[in-house]
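# Results of the structural survey
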Amino acid sequence: MSHRDKALAGRHQNVQSTGPAKPEESSFVYMDNSSEAEDISGARLHPAEQAAPSQALWRMTLYENRTLASAVTAAVTGMLAGYPFDSLKTRMQTHHYPSLLACARRSIADEGLLGLYRGLLPPLITASAAKSMSFSVFERTKKWLRRHDPYKHSANPLGLPDFQRRTVGSVAVTAGFSGSISGAVIAALCCPLELIKVQMQLANLLNKDIGAAATATALPPASNSGSWRQHRTGPRWAGSNLSVCREIIRHKGVFGLYYGIGLHVVRDASGTAIYFAAYETVKETLRRLTGSDTTGPLTHMLAGGTCGVVSWLLIFPVDLVKSTMQSQVLKPKDAQEFKGAWQCATKIHSKLGLSGFYRGISVSLIRAFPIHGLNFVVYEWARSLICHLAGQPE
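For clarity, every value in this text was computed on a predicted model and none was experimentally measured. (Residues numbered from 1 in each chain as written. Predicted model: local features only at pLDDT ≥ 70, side-chain atom pairs only at ≥ 80, totals over all residues. Heavy atoms only, no water.)

## Examining the overall build of the chain
When its secondary structure is counted, the chain shows 12 helices and 3 strands. The buried share of the chain, reckoned over its 394 residues, is 42%. Contacts spanning at least 24 positions in sequence make up 72% of the contacts within the chain whose residues lie at least 6 apart. With the model as given, the accessible surface of the chain reaches about 21200 Å², and the carbon-plus-sulfur share is 64%. (Helix = DSSP H or I, 4+ residues; strand = E, 2+ residues; numbered from the N terminus. Buried < 20%, exposed > 50% of the residue type's maximum accessible area, 1.4 Å probe, protein only. Contact = heavy atoms within 4.5 Å. Areas by Shrake-Rupley, 256 points an atom, 1.4 Å probe, with all protein chains shown as cover.)

## Let's talk about empty space enclosed by the protein
Going through the model one piece at a time under the given rule, you end up with 1 cavity of 30 Å³ or more. Mapped onto the lining of the largest cavity, the elements with two or more residues apiece are α3 (66-94), α5 (121-147), α6 (168-201), α9 (261-290), α10 (297-326) and α12 (361-390). A per-element tally of the lining of the largest cavity places α3 first, with 8 residues. Residue classes in the lining of the largest cavity are distributed as 16 nonpolar, 11 polar and 9 charged. (1 Å grid on protein atoms, 1.4 Å probe; cavity = no way out; pocket = protein on both sides within 12 Å on 5 of 7 lines; lining within 4 Å. Points joined across faces, edges and corners; volume = space filled by probe spheres on them. Nonpolar A, V, L, I, M, F, W, Y, C, P; charged D, E, K, R; others polar.)

## A look at the environment of serine 384
Relative to the helices and strands, serine 384 is located in helix α12. Distance from serine 384 to arginine 66, taken between C-alpha atoms, is 8.9 Å for residues 318 residues apart in sequence.

## Looking at the confidence of the model for the chain
Taken over all residues, the pLDDT of the chain has a mean of 78, while the share at 70 or more is 77%. Mean pLDDT values for the elements of the chain range from 38 in strand β1 (residues 30-31) up to 94 in α9. Below pLDDT 50 for its whole length, residues 15-43 participates in 26 contacts with residues either more than four positions away or in separate chains. Across residues 214-234 the pLDDT falls below 50, and counting only partners more than four positions away or on other chains, this stretch makes 37 contacts in the model. (pLDDT = per-residue confidence, 0-100.)

## Digging into the packing of aromatic side chains
Going through the model one piece at a time under the given rule, you end up with 10 aromatic pairs. When the ring of phenylalanine 135 is compared with that of tyrosine 379, the centres are 4.4 Å apart and the planes differ by 35°; the resulting orientation is tilted. With phenylalanine 135 in helix α5 and tyrosine 379 in helix α12, the pair connects residues that are 244 residues apart, well separated along the chain. Under the relative-accessibility criterion, phenylalanine 135 is labelled buried at 3%. Judged by centre distance (5.5 Å) and plane angle (35°), the ring pair of tyrosine 275 and phenylalanine 376 falls under tilted. A residue pair is termed long-range when its members are at least 10 positions apart, and tyrosine 275 in helix α9 and phenylalanine 376 in helix α12 qualify at 101 residues. Relative accessible area serves as the criterion here: at 9%, tyrosine 275 is assigned to the buried category. Here a set of aromatic residues connected by ring pairs shows up, and it is made of Phe135, Phe138, Tyr275, Phe276, Tyr279, Phe376 and Tyr379. Just above the ring of tyrosine 63 sits the side chain of arginine 66; from NZ or CZ to the centre is 4.2 Å. (Phe/Tyr/Trp six-rings, centres within 6.5 Å; stacked < 30°, edge-to-face > 60°. Lys NZ or Arg CZ within 6 Å of the ring centre and 35° of its normal.)

## Considerations on the layout of surface pockets
The volume enclosed by the largest pocket comes to roughly 1100 Å³. Looking at the largest pocket, it is lined by 34 residues, and the ones nearest its centre are Glu139, Lys142, Tyr379, Arg383 and Glu394. Of all the secondary-structure elements, those providing two or more residues to the lining of the largest pocket are α2 (47-64), α3, α5, α9, α10 and α12. Ranked by residue count, the leading element in the lining of the largest pocket is α5, at 8 residues. Across the lining of the largest pocket, the residue classes tally to 11 nonpolar, 7 polar and 16 charged. Taken as a whole, the second largest pocket spans an internal volume of roughly 390 Å³. In this structure, the second largest pocket is lined by 17 residues; those nearest its centre are Thr94, His96, Glu337, Phe338 and Arg359. Per-element tally for the lining of the second largest pocket: the top contributor is helix α11 (residues 341-352), with 4 residues.

Here it is, written out as structure tokens:
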């Protein structure tokens, strides 16, 4: 027998003794051209089983960023629902209308219904970013205060509330302090976009004011045309948010985008402190009254609506002065009615009294309860849903 025949005979005996050859064990999953995968034994894997690891990773990533994701969801919902009311509020603050209904009718007649959504894009983008950042800073500040509280393991000798959230007073103080930090940070970042939003909301009215000022000072016709040419949708510079930004920089320089930032910081720091303190206080009070460990949509709606109304009642005068000052950023210096915030406030008081500081508040209060209630219902719902999908506690 030749060497080749002996080798073939030996291989035949090995196959008979050991049975069919087994594939090497491997941790890989082999894919074919079908929509399903095949494991090492040849069995088909269901697509859901293939996606399970990636879904788990996605859910855990979402869970780790649950505050951000929930805040963005709430911000977009609230902005789309409440922006027309915000436009009417700004118009009533800076121009005189006999009533909210008259303001709405005149605005829609002059600019159409979509005119109430003028300038929506910047706040829609920034509201998502700002609200997610606001809630994130708020939550992180709360955690920091609890960790660094000197009376974490003992009572305050003066009997003042601590940051451990053991009492309703402690909840209010922690939320208020955290909210003020959050509001100041957001105001510093969002002032330029708020200024652009005000110009877009008032574009048509500001064009009329500037045209009247030009006529009063006997400017030549060319000075009152060009970039200030008026049409149904407002002056040419108000064609887009970017064009408004360019116009502000052209007239005031880059730092002109921060016109009114002092009032903006005061408004947002105090307003956000009141906002979160009121929400968490009402929410915790209702939770204790019901004797429950958790809270539901009705509690979130009541607490959110209450905090919206309370915060607007207290900060509305600051907001009115801020909007009035920012509305004149593009006016020529000789056409500006106010040279500073204090002059603006004293003139409003001398002409209209205390009620003058609440001009246009009706539209804010009408929208405050439902919009802010909806905001927290959506936020808490999204947060709860994310935790449920990840199988993690809230």
